[in-house]
Amino acid sequence: MSMDDFGGGQAQSDVLVVTTNDVPGYRVDRVIGEVFGLTVRSRNIGSQIGAGLKSMIGGELKGLTKTLVQTRNQAMERLVEQARARGANAVLAFRFDVTEAADTGTEVCAYGTAVVISPVQ
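Residues numbered from 1 in each chain as written. Predicted model: local features only at pLDDT ≥ 70, side-chain atom pairs only at ≥ 80, totals over all residues. Heavy atoms only, no water.

Trainee: Would you mind going over the side chain of Thr-71 with me for this structure?
Mentor: Locating Thr-71 in the fold gives a position in helix α2 (residues 62–85). Reaching out from Thr-71, the side chain makes a polar contact with the backbone oxygen of Thr-67 at a distance of 2.8 Å. If near-sequence neighbours (up to four positions away) are discounted, Thr-71 is found in contact with Thr-39, Arg-41 and Val-108. (Helix = DSSP H or I, 4+ residues; strand = E, 2+ residues; numbered from the N terminus. Polar contact = N/O pair within 3.5 Å; in protein donor to acceptor, adjacent residues only side chain to side chain. Contact = heavy atoms within 4.5 Å.)

Trainee: Sorry if this is basic, but what is going on with unusual backbone geometry here?
Mentor: In most cases, non-glycine residues show a negative phi, while peptide bonds are predominantly trans. Positive phi values are uncommon outside glycine, yet Ala-93 reaches one of about 55°. With respect to the helices, strands and loops of the structure, Ala-93 is situated in strand β3 (residues 90–101).

Trainee: Even after reading the chapter, I still don't get α2, so can you show me in this structure?
Mentor: Each full turn of the α-helix corresponds to 3.6 residues, which orients residues three or four apart in the same direction. The first and last C-alpha atoms of α2 sit 35 Å apart over 24 residues, in line with the 34 Å expected at 1.5 Å per residue. For α2, the set of buried residues is Val-69, Thr-71, Ala-75, Met-76, Leu-79, Val-80 and Ala-83. In this structure, the buried residues of α2 make contact with β1 (16–17), β2 (26–42), β3 and β4 (105–119). The positive-phi residue at the C-terminal boundary of α2 is Gly-87, with phi of around 90°. (Expected span 1.5 Å × (residues − 1). Buried < 20%, exposed > 50% of the residue type's maximum accessible area, 1.4 Å probe, protein only.)

Trainee: How should I be thinking about the environment of Ala-101 in this particular structure?
Mentor: Along the chain, Ala-101 falls in strand β3. Taking the relative accessible area as the measure of exposure, Ala-101 reaches 16% and is therefore buried. C-alpha separation for the pair Ala-101 and Val-40, spaced 61 residues apart in sequence, amounts to 7.5 Å. Not counting residues up to four positions away in its chain, the partners in contact with Ala-101 are Val-40 and Glu-107.

Trainee: Looking at this structure, I do not really get the pairing of β4. What am I missing?
Mentor: For a regular strand, the rule is simple: side chains alternate between the two faces of the sheet. Here 15 bridges tie β2 to β4, and the two strands are oriented antiparallel to one another. When the sheet's bridge partners are listed, Val-35 is paired in β4 with Gly-112. Both β3 and β4 contribute to a ladder of ten bridges, which runs antiparallel. Residue pairing for β4: Arg-95 is matched across the bridge by Tyr-111. (Pairing = 2+ DSSP bridges.)

Trainee: For this particular structure, what's the right way to read the sheet that holds β3?
Mentor: Hydrogen bonding along the main chain pairs the strands of a sheet, whether they run parallel or antiparallel. Spatial ordering of the open sheet is given by β1-β3-β4-β2, a layout of four strands whose pairing is mixed. The open sheet has two free edges, formed respectively by β1 and β2, since each of these has just one partner strand. Most of the contacts of α2 go to β2, to which it runs at about 140°, and overall it touches β1, β2, β3 and β4. (Axes fitted to C-alpha atoms, helices over the stretch in contact; angles between N-to-C directions.)

Encoded structure:
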């Protein structure tokens, strides 16, 4: 596994996604509203056994880390698709929420506020 397997975030996109409530040098022209991207991943029995064994000796659960990064990236991609479809060019106050889904998997929700921004003149 390489370091790329453990990093996330936004690749180049026409929709800017930030965790802040504003973007320096830009003004918010229109607030479109809340957008989110959601995915639920089931647990893999092999990774569960491996995680159980690893928990006895300690250390990072790299397989689970990689799966969580992939899951977060998928949720973020869905968020960007929804924002784009609604006419936004940015998402402000971006966050992730992660919860257990009925003991069968993990739910990851990426959410924020879709807006239209433009450079300040």
